[in-house]
Amino acid sequence: MDWVLAFVIGLGASLVELLSRYRDEPIKVIATSQFAWVYLLLNGFLALGAHAILLDQSVASLDSAIERAGLAVAAGLGAAVILRSRVFTARLGDEQISIGPGYVVDQLLSIIDAQIDRRRALQRVQIVVDVMSGKDFDGSRIHASTMILGSRQNLSLQEQKDLANQIREVVDRKIPDQEKSYALGFILLDFMGEEFLEAVAIKLPSITEASVIAPSFVGTSITDTGAGVVASRSWGASLPVQRAKVVREILTDLPLEPVRQRVITLLDSGQLGANEDERMMLRQQVAEILNRPNSNEADKVFALGFAVHGVWDAARFRAAFADLPTKPAARVGRAANDDLDLEVEVEGEFEGEFEGEFDRPTTGEHPAINLNAGPLPVAKS
Amino acid sequence: MAKSAERPTDKSLFWQIVEDRAVRLDHVQRAVLRYLADVGGAATDFELRMRVSHPETRLRQALDGLALEGLLDLTSAEGYVVASLTRGGQRVA
């Protein structure tokens, strides 16, 4: 039994040494490398040898099992210490060499290191290329960082700093985004291991996927990809332009009061807004729009329209407002209302003078400090 | 095992190192980004003028500033200027 104990202790000491050398999946690396097993067995057998020497020399009484076990522990640890001891250090050229039994272990370890590293390098490349190919670097960086910081409860400050510095280094490098994604993959592999990388990579935003997802434009929020980031935009300008055209087409020349009443009626009847929270939010928006001190009536009408169109599609929006009466004086120009200039056709004396300046407060008040600033200057062309 | 004193209470240090770009935004720019985020990422200048409620010149200045920071893409379509959030802009918004 004491022989087994000596062997296990010798082997255990070298196992801890190897575990500390390989940060990602150390158990897997050691289990799949015959060179690691050679090293472990060598240490185990040397512990057995030390135990045999101690038994042969009869350095202690061996009457009880406990005493034999103590001798085995001493042999296992002693072999580990002697194997790693250095008698003195010599300088050969620019290199310092430790002379002693430790030199043999160092050489052996460096050979094993190189062999394991090469084998593991192939596996690591395969893993990282598989999971990080086509991933968007910026989105992946943020998502992976959030997942690591959120999931690791005992992450020390030093570890945070190391991780952050490594990621920053990649951010600053002048290499293509795909290479940065691979570099991020290697960092994640080192820091969190293979299982974590594969699990997180599923949610990382992908550059290639985005072209398929984005054009559908069904999401109500920009975070609908699941990863918190939309990887790429390809829907162009069509939707916002359509929104603007519909609002302008339906609401141009409508007076404020009937529009306000219609919106309030829709809110009160529960037709507008999916739930009470949304209706509350819309009521706040309506109140904010109606209370704007420096906004004219037409702007308030359009603002109400956009607030409603934000929760309704174009067809419902048209149906809700199409029957409202327009201002009698303004019906003439309604047919050509897509032209930007028509937006300015308001309020008597300023008509036609402030093209492109219709956002200016028509009351003559300073927009920021609400003081009467006198008549507005005439825009010079 | 880390001592309790070494355990971080927050992870601000990490973000300070990774996200050190100081993006200074004024209140109009913040309002624009927030509105764009609310409506799905893109809006015309007409819609922004109506909803963000600032003078046209001020809004234009804010949009140009955001575009310079790389937070917005500005394109023209059918007489409108369309502002779209870029990937960087979404985090700020």
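Cut-offs applied
- Residues numbered from 1 in each chain as written.
- Chains lettered and ligands numbered in written order.
- Predicted model: local features only at pLDDT ≥ 70, side-chain atom pairs only at ≥ 80, totals over all residues.
- Helix = DSSP H or I, 4+ residues; strand = E, 2+ residues; numbered from the N terminus.
- Buried ≥ 20, exposed ≤ 12 C-beta atoms within 10 Å, placed from the backbone.
- Contact = placed C-beta atoms within 7 Å.
- Core = buried A, V, L, I, M, F, W, Y, C linked by C-beta atoms within 7 Å.
- Axes fitted to C-alpha atoms, helices over the stretch in contact; angles between N-to-C directions.
- Parallel < 35°, antiparallel > 145°, perpendicular 65-115°, else oblique.
- Left-handed = near helix turned anticlockwise from the far one by under 90°.
- Nonpolar A, V, L, I, M, F, W, Y, C, P; charged D, E, K, R; others polar.
- Expected span 1.5 Å × (residues − 1).
- Pairing = 2+ DSSP bridges.
- pLDDT = per-residue confidence, 0-100.

**A word on the overall build of chain A**
Phase 1: Counting secondary structure elements, chain A contains 15 helices and 2 strands.
Phase 2: Within chain A, the fraction of its 381 residues that count as buried is 29%.
Phase 3: A separation threshold of at least 6 residues defines the contact pool for chain A, and within that pool the share at least 24 residues apart is 62%.

**Here we look at the overall build of chain B**
Phase 1: Each helix and strand in chain B was counted, giving 5 helices and 3 strands.
Phase 2: Sequence-ordered secondary structure for chain B, helices as α and strands as β, is α-α-β-α-α-β-β-α.
Phase 3: Taken across its 93 residues, chain B has 35% of its residues classed as buried.
Phase 4: Within chain B, counting contacts between residues at least 6 apart in sequence, those at least 24 apart form 53% of the total.

**Here we look at the nonpolar core**
Phase 1: Formed by 41 residues in total, the largest nonpolar core has its most connected members in A:Leu251, A:Phe302, A:Leu304 and B:Leu36.
Phase 2: Judged by nonpolar contacts, the second largest core, of 23 residues, contains A:Val29, A:Tyr39, A:Ala47 and A:Ile116.

**Quick look at the packing of helix H2 (residues 27-38) of chain B against helix H3 (residues 45-52) of chain B**
All names here are of chain B.
Phase 1: Contact geometry of H2 with H3 gives a least axis separation of 11 Å together with a crossing angle of 115 degrees. The pairing of H2 with H3 is recorded here as roughly perpendicular in orientation. The crossing of H2 and H3 is right-handed. Between H2 and H3, the residues in contact are Val28, Ala31, Val32 and Tyr35 and Leu48, Arg51 and Val52, respectively.
Phase 2: Across the contact of H2 with H3, the residue classes break down as 6 nonpolar, no polar and 1 charged.

**What about helix H5 (residues 101-132) of chain A?**
Residues and elements named next belong to chain A.
Phase 1: For H5, with 32 residues, the first-to-last C-alpha span of 44 Å sits near the 46 Å given by 1.5 Å per residue.
Phase 2: Residues of H5 that are buried: Val105, Ile112, Ile116, Val128, Val131 and Met132.
Phase 3: Just downstream of H5, glycine 134 is the residue with a positive phi angle, here 80 degrees.

**Some thoughts on the sheet that holds strand S1 (residues 42-44) of chain B**
Residue and element names in this part refer to chain B.
Phase 1: Strands sit in the order S1-S3-S2 across an open sheet of 3 strands; the sheet is antiparallel. Looking at strand neighbours, the two that pair on one side only are S1 and strand S2 (72-77), the edges of this open sheet. Across the sheet, the mean angle separating the axes of adjacent strands is 25 degrees when strand polarity is ignored.
Phase 2: Along the sheet, H3 contacts S1 and strand S3 (80-85); its crossing angle with S1, the most-contacted strand, is approximately 90 degrees.

**A few points about the pairing of strand S1 (residues 88-92) of chain A**
Residues and elements named next belong to chain A.
Phase 1: With 0 of 5 residues buried, S1 is to be regarded as a mostly surface element.
Phase 2: When S1 meets strand S2 (residues 95-99), the two strands line up antiparallel, connected through 5 bridges. Within the sheet, the bridge partner assigned to threonine 89 lies in S2 and is serine 98.
Phase 3: From the end of S1 to the start of S2, which pair antiparallel, there are 2 residues, and glycine 93 there has a positive phi angle of about 65 degrees.

**Considerations on helix H3 (residues 34-57) of chain A**
Residues and elements named next belong to chain A.
Phase 1: Across its 24 residues, H3 extends 34 Å between first and last C-alpha, which sits within 8% of the 34 Å expected from 1.5 Å per residue.
Phase 2: Of all the residues in H3, the buried ones are Ala36, Tyr39, Leu40, Asn43, Gly44, Leu46, Ala47, Leu48, Ala50 and His51.
Phase 3: Buried residues along H3 sit in contact with helix H1 (2-21), helix H2 (26-31), helix H4 (65-83) and H5.

**Side note on the confidence of the model for chain B**
Residues and elements named next belong to chain B.
Phase 1: For chain B, the mean per-residue pLDDT works out to 75, and 67% of the residues sit at or above 70.
Phase 2: Element-level pLDDT for chain B is lowest in helix H5 (residues 87-92), with a mean of 47, against a maximum mean of 91 in H3.
Phase 3: Here residues 1-9 scores under 50 on pLDDT; set against residues more than four positions off or in separate chains, the count is 11 contacts.
Phase 4: Considering only residues more than four positions removed or in separate chains, one finds that residues 89-93, a stretch of pLDDT under 50, has 18 contacts.
Phase 5: With pTM at 0.39, the complex prediction returns an ipTM value of 0.71.

**Notes on the packing of helix H13 (residues 276-290) of chain A against helix H14 (residues 297-309) of chain A**
All names here are of chain A.
Phase 1: It is the contact of H13 with H14, at a shortest axis distance of 10 Å, that shows an interaxial angle of 170 degrees. It follows that H13 is roughly antiparallel to H14 by the angle criterion. The chirality of how H13 crosses H14 is right-handed. Every residue of H14 that contacts H13 at Leu282, Gln285, Val286, Ile289 and Leu290 is listed here: Lys300, Ala303, Leu304 and Ala307.
Phase 2: The residue makeup of the contact of H13 with H14, split by class, is 7 nonpolar, 1 polar and 1 charged.

**Regarding unusual backbone geometry**
Phase 1: Not every positive phi belongs to a glycine, and A:Asp253 is a case in point at roughly 75 degrees.
Phase 2: The topology assignment puts A:Asp253 in the loop between helix H11 (238-251) and helix H12 (256-268).
Phase 3: Positive phi, close to 50 degrees, is recorded for B:Glu78, a residue that is not glycine.
Phase 4: Within the secondary structure, B:Glu78 is located in the loop between S2 and S3.
Phase 5: B:Glu78 sits in the partly exposed class, given 13 other C-beta atoms within 10 Å.

**Observations regarding the environment of A:Leu71**
All names here are of chain A.
Phase 1: Tracing the sequence through the fold places leucine 71 in helix H4.
Phase 2: Here leucine 71 falls in the buried class, since 23 other C-beta atoms lie within 10 Å of it.
Phase 3: Here the alpha-carbon distance between leucine 71 and alanine 6, two residues 65 residues apart in the chain, equals 8.3 Å.

**A look at the pairing of S3(B)**
All names here are of chain B.
Phase 1: Taken together, the 3 bridges between S1 and S3 define a ladder with antiparallel strand orientation. Counterpart to threonine 44 in the pairing with S3 is valine 82.
Phase 2: Taken together, the 6 bridges between S2 and S3 define a ladder with antiparallel strand orientation. Opposite alanine 77, over in S3, you have tyrosine 80 as the bridge partner.
Phase 3: From the end of S2 to the start of S3, which pair antiparallel, there are 2 residues, and glutamate 78 there has a positive phi angle of about 50 degrees.

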